[in-house]
Amino acid sequence: MYRTLEELTDHPVFHYFAEISKIPRGSGNEKAISDYLVRFAKEKGLEAIQDEALNVIIKKPAAPGYESAPAIIIQGHMDMVCEKNKGTLHDFENDPLQLRVIGDMLYATDTTLGADNGIAVAYALALLDANDIPHPALEIVITTEEETTMNGALAVDPAHFKGKMLINIDSEEDGKLLVSSAGGIRVRQILPITWEAAPNDAVPYSIRIKGLKGGHSGISIDKERGNANKLLGRLLQDLTMEFPCFIEQMSGGLKGNAIPREAEAMVRFHVEDEQKVKEKIQQWDETFKNERQSSDPEVSIKFDRSFAVSDTVFSKETAAKAISSLLIIPHGVQGMSMGIKGLVESSTNLGVVTANEAELTFESEIRSSIKSMKYHMVTQAKAIADMLGCDLLIDADYPEWPYNPDSKLKKLFEAAYQDKYDAEIEIIAVHAGIECGVFIDKIPGLDAVAIGPDIFSVHTPDEHLSIPSTINNWEYFLYTLKRMKDL
């Protein structure tokens, strides 16, 4: 077992994972990592293409004896979700991740690790750097903005590729072969804010819901974890029914594709109501703890005196519409697959609530493995927005990846796993956006599978990567590449 980070980085995959962890690479901030990949390729004498979206394509000729094998596209994304624990000073725009080994797991310190999808980049760099690995001609494509819009993959020019088989390395379960994924779309409900003067005799307070587990809004949506934005809506609705309550601001969540762990409202109450408000909030704290005792046992509500944000508060109409939005915008599983047992078919996540001087934005990530259901949920979102007098912005639309039971690549990976481990690999589909669907749309007849090591608590500061799983998955990947001579 590797006891230290220094020992771990002797392995080529972890060496390159540590290298890219020094480079900030949040979605939309990929210029530095993109340039690094291009420099790496040129230093190795390899062909490299960097497009306007900062996607990088690196090509490596076939190893001796594999010249007649079909070219293989290997794909991952360079960006990561940037989440950190409250109070952590880490600057995702400039600071390197602080990696640490705990037992047989690799973590960052108080931030997301970026194994989703830095592990694909590390695999690719280790493969490109090696001279002793048998493989066909490689067309490695590392995309940008996968975690937010998939605009990187959507911008890739398919003319760059000769390969008709794609291995995606963005799965998160070792010993499982991913063969299908959901499509998705982002909707943002925009509520105009009207302001009124804050009452002189109302005292400012902050209400913060915290301690929820969160998680990936596709992978973890069926775990029934609490959504801080939805809980805040319930609490505010009750408080405004019981007391004169004036809302200055509200916010919650950081990423549309992460279940929000925290939400906050800046409010004003009359000082004579303070004790009764505290008692009411304590009742809600106990209610949430009871409801979430299995899914989110650490949930809590913090209620503290605060400083006034401004001299104005939301008008009664704005406050009512904001609370109604939190209450009625859907969240969670909307339908289960009847074809694949245990697979979520459709879902939506009210991931982010933000406010500025002019408007409140309620951002949801909609997913479905059935295109018509995806657009049905968009229609529902439009009906809610219309009912509340809001605009609805729709973008980041990406396609689903349909299951292909006749996939040659699937059969190759199955046979390789059987030969290497004397066991059957588990075939899975996932309720999350995988770029395979985009590439299948772009390249007619493209065959695709996805693999990856065990990664836990993705999109949260508790994200961690299994070290033995990573090594095992890497060896399985190389073992399968070696068998591609016979394709």
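Every value quoted in this text rests on a predicted model; they were computed, and no experiment measured them.

The rules behind each value
- Residues numbered from 1 in each chain as written.
- Predicted model: local features only at pLDDT ≥ 70, side-chain atom pairs only at ≥ 80, totals over all residues.
- Heavy atoms only, no water.
- Helix = DSSP H or I, 4+ residues; strand = E, 2+ residues; numbered from the N terminus.
- Rg over C-alpha atoms; globule rule 2.2 N^0.38 Å.
- Buried < 20%, exposed > 50% of the residue type's maximum accessible area, 1.4 Å probe, protein only.
- Contact = heavy atoms within 4.5 Å.
- Areas by Shrake-Rupley, 256 points an atom, 1.4 Å probe, with all protein chains shown as cover.
- Pairing = 2+ DSSP bridges.
- Axes fitted to C-alpha atoms, helices over the stretch in contact; angles between N-to-C directions.
- Salt bridge = Lys/Arg side-chain N within 4 Å of Asp/Glu carboxyl O.

(A) Summary view of the overall build of the chain. Within the chain, the secondary structure is distributed over 12 helices and 22 strands. On C-alpha atoms alone, the chain measures out to a radius of gyration of 24 Å, which is about the 23 Å that the 2.2 N^0.38 rule sets for 487 residues. Expressed as lengths along the three principal axes of its C-alpha atoms, the size of the chain is roughly 85 × 50 × 40 Å. In the chain, which comprises 487 residues, the share counted as buried stands at 57%. Taking as baseline every contact in the chain between residues at least 6 positions apart, the subset at least 24 positions apart corresponds to 79%. Total accessible area on the chain is roughly 20100 Å²; 49% of this is exposed by carbon and sulfur atoms.

(B) Broad picture of the sheet that holds strand E21 (residues 455-456). Taken in spatial order, the four strands of this open sheet run E4-E5-E22-E21, and their pairing is antiparallel. Of all strands in the sheet, those bounded by a partner on one side alone are strand E4 (100-102) and E21. In this structure, E4 lies alongside strand E5 (residues 105-107), joined through three bridges in antiparallel fashion. Bridge pairing in E5 links Arg100 to Tyr107. Running at roughly 55° to strand E22 (residues 464-466), helix H12 (residues 467-482) makes contact with E4, E5 and E22 of the sheet.

(C) Summary view of the pattern of salt bridges. Overall, the coordinates contain 21 salt bridges when judged by the stated rule. Arg261 is the partner of Glu83 in a salt bridge, and the nearest nitrogen-oxygen pair spans 3.1 Å. Taken together, the positions of Glu83 in the loop between strand E3 (72-77) and E4 and Arg261 in the loop between strand E11 (246-252) and strand E12 (263-270) put the pair 178 residues apart, joining distant regions of the chain. Note on Glu83: relative accessible area 5%, which makes it buried. Linking Arg186 and Glu363 is a salt bridge whose minimum nitrogen-to-oxygen distance equals 4.0 Å. Of this pair, Arg186 sits in strand E8 (residues 176-192) while Glu363 sits in strand E17 (residues 359-368), and the two are 177 residues apart along the sequence. By relative accessible area, which is 14% here, Glu363 ends up buried. Three or more residues are tied together by salt bridges with common partners; here these are Arg186, Arg188, Glu363 and Asp395.

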